[in-house]
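An overview of the molecular structure
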Amino acid sequence: MAKKSKKNNGNKCKFSEGPGVFINPRTDFGFKRVFNNASMMKSFLNSVIMVERPGYSVREVTFLPAEHFGETRMEHIVITDTRCRIETGEDILVEMQNAQPKNFVERLLFYSTYLIRSQAPKRRRKGEDREKEKPWNYDLKAVYAVAIVNYPMIKSVAAKGMVIDRIKLMHEDTGEVFSDKLNFVIVDLTKFDKKEEELETQEDFWLYSLKHAETLAKCPDRMKEDEAIRELYDILRTNKLTPEEMKAYYDNVISMEKISLFTDHAKEEGIEIGKEEGIEIGEERGIEIATVRFVINAAGRGIPAEEIAGITELTVGQVQTILRNKKTGEA
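First, a word on what this report is: a plain description of the structure on this page. (Residues numbered from 1 in each chain as written. Predicted model: local features only at pLDDT ≥ 70, side-chain atom pairs only at ≥ 80, totals over all residues. Heavy atoms only, no water.)

This next bit is on the overall build of the chain. For the chain, the helix and strand inventory stands at eleven helices and eight strands. Burial analysis of the chain (331 residues in total) assigns 39% to the buried set. Look at the contacts in the chain between residues 6 or more apart in sequence, and 61% of them connect residues 24 or more apart. Of the roughly 19400 Å² of accessible surface on the chain, 51% is carried by carbon and sulfur atoms. (Helix = DSSP H or I, 4+ residues; strand = E, 2+ residues; numbered from the N terminus. Buried < 20%, exposed > 50% of the residue type's maximum accessible area, 1.4 Å probe, protein only. Contact = heavy atoms within 4.5 Å. Areas by Shrake-Rupley, 256 points an atom, 1.4 Å probe, with all protein chains shown as cover.)

The sheet built from six strands is open, its strands ordered β1-β4-β5-β6-β8-β7 with mixed pairing. Of all strands in the sheet, those bounded by a partner on one side alone are β1 (61-64) and β7 (164-170). On average, adjacent strands in this sheet sit at an angle of 25 degrees to one another, irrespective of strand direction. On top of the sheet, helix α5 (residues 104-117) reaches β4 (82-86), β5 (91-97), β6 (143-149) and β8 (177-188); it is set at about 160 degrees to β5, its chief contact. (Pairing = 2+ DSSP bridges. Axes fitted to C-alpha atoms, helices over the stretch in contact; angles between N-to-C directions.)

Time to look at the environment of L314. By secondary structure assignment, the location of L314 is in the loop between α10 (305-312) and α11 (316-327). Each C-alpha atom, one on L314 and one on K102, is 9.5 Å from the other, the two residues being 212 residues apart in sequence. Non-local contacts of L314, meaning those with residues more than four positions away in its chain, are made with T291, V295, A309, V319 and I322.

By the definition in use, this model includes twelve salt bridges. The residue K194 makes a salt bridge to D204 at a minimum N-O spacing of 3.0 Å. Of this pair, K194 sits in the loop between β8 and α6 (202-212) while D204 sits in helix α6, and the two are ten residues apart along the sequence. Look at K194 and you get partly exposed, because its relative accessible area is 31%. Measuring nitrogen to oxygen at the nearest pair gives 3.4 Å for the salt bridge that ties D221 to K218. (Salt bridge = Lys/Arg side-chain N within 4 Å of Asp/Glu carboxyl O.)

Geometry only, nothing functional implied.
Spelled out as structure tokens, the structure:
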């Protein structure tokens, strides 16, 4: 148990020891505080995302509604963490994930292809003068889906140690880019292991801050000459929060720790289940069984079904079904 406690301490903000000098930017509260700020978004995009465009720098950022209004019921409720448009007309959505949700790659595909499809001009209603419509020749603007993840998302041997994975549509045989209109950028914080004295670029500063900010007592000296990073640490100061904001942040941290607890529990349970059954069951199957056990244990400790659903990515109905089956001896 002592080892498990040490493992879980990591770089989480423990409120029993005080909230710390800086907000955890990986919480929903901290993420929105940073990435809903235009100057912060520009700095992040230029230092981490747009490095593949030598000589280009994002100058303008326009934030767009996080909720997408589509043609179907499901499209109507698509909600991203944050979405913006830069001066070139390209849309960029940025997602933060601290634990691995189900079908996250598919979710990124759905979000980004929706943004591409939404570029088509709206047709005029019946009876309106359609002759005034300008012809559209599928002149698409590029879309970027950026995922900042705090778990190993891409596990291939070739990607080992690669903190930022840039993914495009490419020819399978030649490796040539087929289209640069659909772009995925995966920022894996678990692979970033530079120490403070090894930081050199603004990209390093951003990645180090996203991973460690809430554990620091001050902005690291080697970052202080960077105006954008100084502003980042000023935004993250907990002493600038109102009582209401501190309460919202506290709730976020507690929720994040519960998600981490569930993730660790699921992995350990999956391994134990495999040992018990004497077989090497797949990771997904192990976590699936572990999820059921977690739901039952969490409910037994008085955690509401709505909160369990949020932690496990199940629906409230699925949680209630597991608990009903447990009572009838089916779980």
